[in-house]
Amino acid sequence: MAKINPIRRLAIIVAKLSQSGDNYISAQDLIDHVNRKMQWHCAGATNCTQRTLQRDFKTIEELFGITISYSKSRGYHIAERNDMPSFYANLLLNFEMLNAIDRDSVVQRYVLADHRRPATQANIADMLDAIRNRYKVEFDYTLFRQGNAVVSKQIEPHYLKESQQRWYLVGYDTDNKLKTFAIDRISLFRINADERFTRRTDIDVPALFRESFGIWNDPQMPVEEIILRYDAVDGAFVKTFPLHTSQEIIEETADNITIRLHLRITNDFVMELLSRSSSVEVLKPLSLRRQLYDIYVNAIQRNKPHDD
């Protein structure tokens, strides 16, 4: 719990300042709010002070790209949100909700959490600590596609990313390539506090993810124009929860909806299309239409009814 509390405090600060918009919050009001929320989460938690806030503001800016400014007459507000790590702000705000729902919390009376969780989960708090302090990390990693082989990894961790209810550690491997590692496949995670690294700034990593659905895995893949048609029911879901930030509606009728996307066609994206197989039709590109067709043909053969 001690390792979780500092991250929880960051989440409380960002949530409070985000809710205030352009309005300022006085130092005492922010301190009182943080202490009240921390006590609600964990009775006996160490009180937040002005000095604690200053340290937390520095951490929030370094790790999440959110700059918090102070006016002596008005108080604190969020002055700037850097574009590059913007998805980390969402990570931090989601963390506040996820950690409010625990076995001992009264929140369970009002919030119905998804029971589906990864079977194993590494310590995200330790990972964030390693990322922020630029410590190299080591862990064992299970390769599902290679017969569950276990390999040892030494990584320079740069980011955490959430995708489809799974968390991933993003960092540079010993071969100097940027890779993603599913946290539920990580074991024996350890921080090498004696060996620090210089954070890379030569690649716009968030941009790589912005052009993909799910977990980016190959920057050499082209960004393609994709046109999909759904029936009216599935189209309503896709319309209200877009597949990608590039999604645009190009035609909508009483019977169907047609959308256009621009992204890399990764395996995660194909799996998402298959989740609405009952209605989706790929109009473009032809290569994606063929890919889905081949999957359907193989699935039909595997699931062909037979007499017992």
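See above for the structure.
Source: prediction; values computed, not measured. (Residues numbered from 1 in each chain as written. Predicted model: local features only at pLDDT ≥ 70, side-chain atom pairs only at ≥ 80, totals over all residues. Heavy atoms only, no water.)

*Asks:* Explain unusual backbone geometry to me, using residue names and the numbers behind them.
*Replies:* With an omega of 0°, the peptide bond between Lys284 and Pro285 qualifies as cis. With a phi angle near 70°, Asn176 is a residue other than glycine that sits in the positive phi range. Mapping Asn176 onto the fold places it in the loop between β5 (166-172) and β6 (178-182). For Leu188, which is not glycine, the phi torsion reads 50° and is therefore positive. (Helix = DSSP H or I, 4+ residues; strand = E, 2+ residues; numbered from the N terminus.)

*Asks:* Tell me what's going on with the pairing of strand β8 (residues 223-231), and back it up with residues and numbers.
*Replies:* The side chains of a regular strand alternate, first on one face of the sheet and then on the other. In the sheet, β8 pairs with strand β10 (residues 256-264) via nine bridges, with the strands oriented antiparallel. Within β10, the position partnered with Glu224 by the bridge is Leu263. Inspection of the sheet shows β8 paired to strand β11 (residues 281-284) by three bridges, in the antiparallel sense. Directly across from Arg229, in β11, lies its bridge partner Glu281. (Pairing = 2+ DSSP bridges.)

*Asks:* Give me the side chain of Glu156: which residues, what numbers.
*Replies:* Here Glu156 lies in strand β4 (residues 149-163). When residues no more than four places from it in sequence are discounted, the contact partners of Glu156 are Lys136, Gly171, Tyr172, Phe197 and Arg200. (Contact = heavy atoms within 4.5 Å.)

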